[in-house]
Amino acid sequence: MNRVDLIPPAAADAHAAAPLLNCLLREVAEPLPGSGELRRHRLPSGRLLRVRGERRPADPEVDTGGHWRRIGHTELVKLVVEELTRHTGLSNPELPAEMIDSRDAVAAILAARARATPPTDPYLLSEQSLLTGHPHHPAPKARGGGPAAGWLPYAPEAHARFPLTLLGLREDTVVDEGDTAALDALGAAPPGYRLLPAHPWQLDLVDLSDAFADGRLIRLGTTGFDAWPTAAIRTLYAPERDLFLKFSLDVRITNDIRRLWRHDLLSLGTTDTAAARAFAGGPAAWLSDRGYRTADFAFEELAVLVRDGFHGHLRTGATPLLAAGLVEGFEGSPCGGAAWWEAYLRVVVPPALAAFADHGVVLEAHLQNTLIAVDADATPVQALFRDAEGVKLLSDVDRAAGWERLVYTLVVNHLCEVAAVLAERHPGLDPWPAARRELARHDLPEIRALLASPTLPGKTNLLLRWTGADGAAARYLPLPNPLAVT
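Everything in this summary refers to the structure shown in the same document. (Residues numbered from 1 in each chain as written. Predicted model: local features only at pLDDT ≥ 70, side-chain atom pairs only at ≥ 80, totals over all residues. Heavy atoms only, no water.)

## Side note on the packing of helix α12 (residues 338-359) against helix α14 (residues 432-440)
Here is step 1: Interhelical geometry of α12 versus α14 gives an angle of 35° and a closest axis separation of 10 Å. Where α12 crosses over α14, the two elements pack in a sense that is right-handed. Listed contacts from α14 to Trp341, Glu342, Leu345, Arg346, Val349, Pro350 and Leu353 of α12 are Ala434, Ala435, Arg437, Glu438 and Leu439.
Here is step 2: For the contact of α12 with α14, the per-class residue count stands at eight nonpolar, no polar and four charged. (Axes fitted to C-alpha atoms, helices over the stretch in contact; angles between N-to-C directions. Helix = DSSP H or I, 4+ residues; strand = E, 2+ residues; numbered from the N terminus. Left-handed = near helix turned anticlockwise from the far one by under 90°. Contact = heavy atoms within 4.5 Å. Nonpolar A, V, L, I, M, F, W, Y, C, P; charged D, E, K, R; others polar.)

## Things to note about helix α1 (residues 9-27)
Here is step 1: Given a rise of 1.5 Å per residue, 19 residues ought to cover 27 Å, and the 27 Å separating the end C-alpha atoms of α1 matches this to within 8%.
Here is step 2: Along its length, α1 reaches its greatest deviation from straightness, about 30°, at Ala17, and the proline Pro19 lies no more than four positions downstream. (Expected span 1.5 Å × (residues − 1). Bend = angle between axes of the 7 residues up to and from the residue.)

## Comments concerning the side chain of Glu364
Here is step 1: Within the secondary structure, Glu364 is located in the loop between β18 (361-362) and β19 (370-374).
Here is step 2: At a separation of 3.1 Å, a polar atom in the side chain of Glu364 contacts the side chain of Arg405.
Here is step 3: Apart from the residues lying within four places of it in its own chain, the contact partners of Glu364 are Asn369, Asp387, Gly390, Arg405 and Thr409. (Polar contact = N/O pair within 3.5 Å; in protein donor to acceptor, adjacent residues only side chain to side chain.)

## What about the sheet that holds strand β20 (residues 380-386)?
Here is step 1: The strand order across the open sheet formed by four strands is β14-β20-β19-β17, and the pairing between neighbours is mixed. Strand pairing shows two members of the sheet lacking a second neighbour, β14 (285-287) and β17 (319-322), which therefore form its edges. Between one strand and the next, the sheet's axes are offset by a mean angle of 30°, whatever the strand orientation.
Here is step 2: By the bridge criterion, five bridges tie β19 to β20 in an arrangement that is antiparallel. When the sheet's bridge partners are listed, Thr370 is paired in β20 with Phe385.
Here is step 3: In the packing of helix α10 (residues 268-279) onto the sheet, the strands contacted are β14 and β20, and the crossing angle to β14 comes to about 155°. (Pairing = 2+ DSSP bridges.)

## Side note on the nonpolar core
Here is step 1: Among the nonpolar cores identified, the biggest contains 87 residues, and Trp341, Tyr344, Val361 and Leu363 are the most heavily contacted of them.
Here is step 2: Top element by residues in this core is helix α13 (residues 399-425). It accounts for 13 residues.
Here is step 3: Judged by nonpolar contacts, the second largest core, of 46 residues, contains Leu152, Leu169, Ala211 and Val306. (Core = buried A, V, L, I, M, F, W, Y, C linked by side-chain atoms within 4.5 Å. Buried < 20%, exposed > 50% of the residue type's maximum accessible area, 1.4 Å probe, protein only.)

## Looking at the sheet that holds strand β2 (residues 38-42)
Here is step 1: Here we have five strands laid out as an open sheet, ordered β1-β2-β3-β4-β5, and antiparallel in their pairing. Edge strands, defined here as strands with exactly one partner in the open sheet, are β1 (30-31) and β5 (68-70).
Here is step 2: Pairing analysis gives two bridges linking β1 to β2, with the strands arranged antiparallel. Each residue of the ladder has a partner; that of Pro31, found in β2, is His41.
Here is step 3: Packed onto the sheet, α1 meets β2, β3 (48-52) and β4 (58-63) and runs at close to 130° relative to β3.

Given below as C-alpha cells:
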C-alpha cells in the first residue's frame, strides 16, 4: 500500500467543506446563542445546522427533530442549493457542479502531493501551500470541470514546476507595451519573429491552429529552466531569472475566467505607475507589473505580463513568504505571539494606508497579494505588495467605495484571518488591541470611523456566484467588527 492509498476521502471533504460552510454561515445563516465548540445556526428554511470550530468549520450536522445527523460534502452541497434557492428565489445549475469539482480537485491534489517533492525554498513552499484556499469561497479549488490529468501538471498545490513553452510571434502581429526585455532573454527567435512565452495549460485550452498553420505563430521549444506556479496558478515564478510572469488561463478559478483582459492591460501602465510611486523610497515594496506582450489576433488569450522579481526590492537577508501561506500553514511556517503580531502589523498596515491617504492608491491587499518578509528569527521586517490588475485609483473611483474595498481586502480578508490563526495557536492572546493601536496611529477620518463602527464589510462570494454577478462587482454584508471597542 502506498501513501496515496492512505489518504481518506474525509480529508478532501474536510478541506472542501470548510470554506463552503464559512460562506453559508456568513451570508445566509442566523447564528444562535450558545457557547462551546459546537455552534448552531438557523438556515433560511428554518432548519438548524451545527458545526465544530470557528476558523475552519467542520463536521456539519443537521437537526432532524431532536437528533443531529452528520452530513458529508455531497449532502452539504445539496443543502446549500436548497437554502440558496429558497433565500434568493433563483436557481443555478453551474455552481453546485463547481462545488463538487472543487472537492474532487482537492482529492486529486492530495493524492498528487503524496507523490510529489515539495520545494525546499520557503518562499515557493508558502506559495504552494494552499490546500484549502480562499477561506470564504464556495468552490476555491474548482479547475473548470476538466479531468485532473489536464491541470494537475500545473497545480501549485501539487508542487508542480515545469518549463515554459516558447513561441515565435510574427513581428507584424506583436503588441508590446512597457518593459518586456526580460521576455527576449528567455530564448532566441528567428528573423521576423519576437519571442512569446506561453503557459502550456493555456495552449491546451485555446485553439490557435490557424495561427500556427499560416505562420503567425511558430513553436520554438521550451525554456531550459522550470517555472513554479504560485498561489495565483496563472502567475509563475522563475527563480533562475528572478522573474514573475502572469498569463491568461481560459478557466474559471474562484469568481472569474482568468484572462488578462484587454481593458485591464490597457490601464496597466497608469495603475502600476501610481502604485510604484506610492512605494518609492519606503520600507515596503511594490512588485511592478512593468509591461506585457501579446498577439493582435489573440490579444487576451496569449497575453503575458512581466512582473518584477525580488532583486532591488527585498530587504537584505530577509525571506519572503506569502501571507495566505501563513494562514494555511506549511512546514516551518512562522506564526509567533504578541510581539510577532505587532511586528506584522507595523510592516503591513502603514504602507497600505499611506498609499490610500497620500497617493490615492487602493491596494488589493488581501492574503494572496501580500508577501511578508521575515528575518532570521522569523520576525516580519517588510511587506511586499503585488498585482496592478487589482489596484484602484481614487481618481477613478469614489473615495468611500475605495475605502470600503481597502477595508475588506486589508482588514477582513487579511488581518482577520491572520488574527484568527494567532488566537487559535496562542490561547489567551487577543490580537485586536494591537491592531487598534496600529490603526489609531494614522490620522485619517476613515480610521476613526472604522474603529467606532460596529460592523465591517464582508464580501458575499457565495451569493455573488449564485446570482451570476460579475466577479468584479463586489457585494458586501455587515460583519461584527472586532476592532470596535465595546
